[in-house]
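# Reading the structure
As a plain string of letters, each chain reads:
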Amino acid sequence: MRRKFRKILVTGGAGFIGSAFVRLAVKKGFLPIIVDKLTYAGDLARLKEVSGKFKFYKIDICDKSRLETLFTREKPDAIIHFAAESHVDRSIKDATPFIEANIRGTQVLLDIALKHKIKRFVHISTDEVYGDIEKGKFSEESPLKPNSPYAVSKAAGDLLVKAYVRTFNFPALIVRASNNYGPWQYPEKFIPRAILTVLKNKKIPVYGKGLNVREWLYVEDCALGIWQILERGKIGEVYNLGSGYEEKNIQIAEKILGVMGRCSEGIEFVKDRPGHDIRYSLSVEKILKQTGWRAQTSLDAGLSMTVDWCINNKQWLFGKWEEINKLYK
Ligand code: NAD
Ligand code: TDX
C-alpha cells in the first residue's frame, strides 16, 4: 500500500504512550524521528526492542531554534505530538512546568510546523479537558471544563490547535484519550504504582473512598487508534479514544490484588486528591464510524499482561521507588 506520509516526527516518543506509538510505527516500516527532552518521565529503555530503527533528538519542544534546525534537516511531513507533563498530582504541587511544556511548547511546535508546511499534525489530548461527568458520556462536542492545572494546560493546548486550524488552515486533528495503562508506564500513575506497591509488600494507596471512576484503555490499543486517526481522520476534527472499561479505583485495586494472588487487606485509604474528578467517560462512536477502530483488550486481560510485565521488569520499576516515595511523602 502506498504510504500517506514519508517521515513522521513523534514528540514525547520516549514517554509511555509515545514509545508504544513509536514501536507500532517501526512495525509498520517507518523510521520515526523522536523529539524528547527526557524529563524524569522520558526513558529510552522503552525503545530498546526497536533500537536502531528510529532517530532520536534530545530537544525541548520550547526550544524554537533547535527545532528549526531539526525541521530543516529532517523535513518531516507528519507530526504526532505526545510531549507533555502528564501527571495530575504533580500539576497540583506545581503548575509551572505544565504551562511551559503543554501550552508554550505546543505553540512553539505549531509555529514551526506551520512554517514548514507539515501535511498532518495529530495533537494528543485527554478526556480530562471535558471535566468530570457523573452519568452519561462526553462526546467530541461536549464543552471544555477542565478542573486540574494539568487538565487546564491540556485544554489550552487543544484551543491553540483549534485556533491554528481556523486561522491558518493548519492541518491538525485532536485525539482525546482516556486513562491509559500497560507496559512501561511510570509508576507515579495509579495502576503501575499499585502493582509496584504490592511487589514491595506494601498496601495500595487508594485516594478518598476509592469511588472515583476511570475508563481504562490498554496502551497498545491507544497507539492503534492514534494510527487510524493519523491515516484516516479528517483535518480539523476531534476524536475521542476510550475503551468502555469503566471501574471505580477500589475495584481496580481489588482486581490487581486478585491477579497478584493477594487479599483485599492490601488496600489503604489515603487522603483524597484536591479537586478529584469523579468520573470520566467517553463516547467513541465517531472513531468507530469513521475508522472501525475499537479497543481490543479487555480490562482483565490488560491488567494481567501489565502485572506480568511489571514482574518481568522489576528492576526498571523498583528503580523509581524512591522517587515515587519522595513525590507522595
Ligand atoms: P509521559 O509523561 O509518560 O511522557 C511524556 C514524554 O514527553 C516524556 O518522554 C518526556 O520526556 C517528554 N516531554 C515532556 N516535556 C517535554 C518537552 N518540553 N519537550 C520535549 N519532550 C518533553 O506521558 P504519557 O502518559 O505517555 O502521555 C503522552 C501524552 O498523552 C500526553 O500529551 C498526555 O497528556 C496524553 N494523555 C495521556 C494519558 C495517560 O493516561 N497517560 C491519557 C490521555 C492523554
Ligand atoms: O496512588 C494513587 N491512588 C489513587 O487512588 C494514584 C496515583 C491515583 N489514584 C486515583 C486518582 C484517579 O482517580 O486513581 C485514578 C487514576 O489516577 P492517575 O493514574 O494519576 O490518572 P488520572 O489523574 O486519572 O489522569 C490520567 O488520565 C488522563 C493521566 O495521568 C493523564 O495524563 C491523562 O490525561
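In this report, we go over the structure that sits alongside the text. (Residues numbered from 1 in each chain as written. Chains lettered and ligands numbered in written order. Predicted model: local features only at pLDDT ≥ 70, side-chain atom pairs only at ≥ 80, totals over all residues. Heavy atoms only, no water.)

With that out of the way, let us pick up the pattern of salt bridges. Applying the stated criterion across every chain yields a total of 16 salt bridges. Three or more residues are tied together by salt bridges with common partners; here these are Arg-90, Glu-188, Lys-189 and Glu-323. (Salt bridge = Lys/Arg side-chain N within 4 Å of Asp/Glu carboxyl O.)

This part covers the site of ligand 1. Around ligand 1 sit 28 residues, and of these Ile-17, Asp-36, Ser-86, Tyr-150 and Lys-154 come closest. One of the side-chain nitrogen or oxygen atoms of Ser-86 is found 2.7 Å away from an oxygen atom of ligand 1. A distance of 2.6 Å separates an oxygen atom of ligand 1 from a polar side-chain atom of Tyr-150. Sorting elements by how many residues they give to the shell around ligand 1 places strand β5 (residues 120–126) first, with three residues. (Near = heavy atom within 4 Å. Polar contact = N/O pair within 3.5 Å; in protein donor to acceptor, adjacent residues only side chain to side chain. Helix = DSSP H or I, 4+ residues; strand = E, 2+ residues; numbered from the N terminus.)

Attention shifts here to the environment of Asp-63. One can find Asp-63 in the loop between β3 (55–57) and α2 (64–74). Distance in space between the C-alpha atoms of Asp-63 and Leu-109 is 9.0 Å, their sequence separation being 46 residues. A distance of 3.2 Å separates the side chain of Asp-63 from the backbone nitrogen of Arg-66, its partner in a polar contact.

The next thing to look at is the sheet that holds β5. Taken together, the seven strands give an open sheet; going across it, the order is β3-β2-β1-β4-β5-β6-β10, and neighbouring strands pair in parallel fashion. The open sheet terminates on both sides in strands that have one partner only, identified here as β3 and β10 (238–241). Shown here is a sheet whose adjacent strand axes are inclined to one another by a mean of 20°, direction ignored. Where strand β1 (residues 8–11) meets strand β2 (residues 33–35), three bridges bridge the pair, whose relative direction is parallel. Within the sheet, the bridge partner assigned to Leu-9 lies in β2 and is Ile-33. (Pairing = 2+ DSSP bridges. Axes fitted to C-alpha atoms, helices over the stretch in contact; angles between N-to-C directions.)

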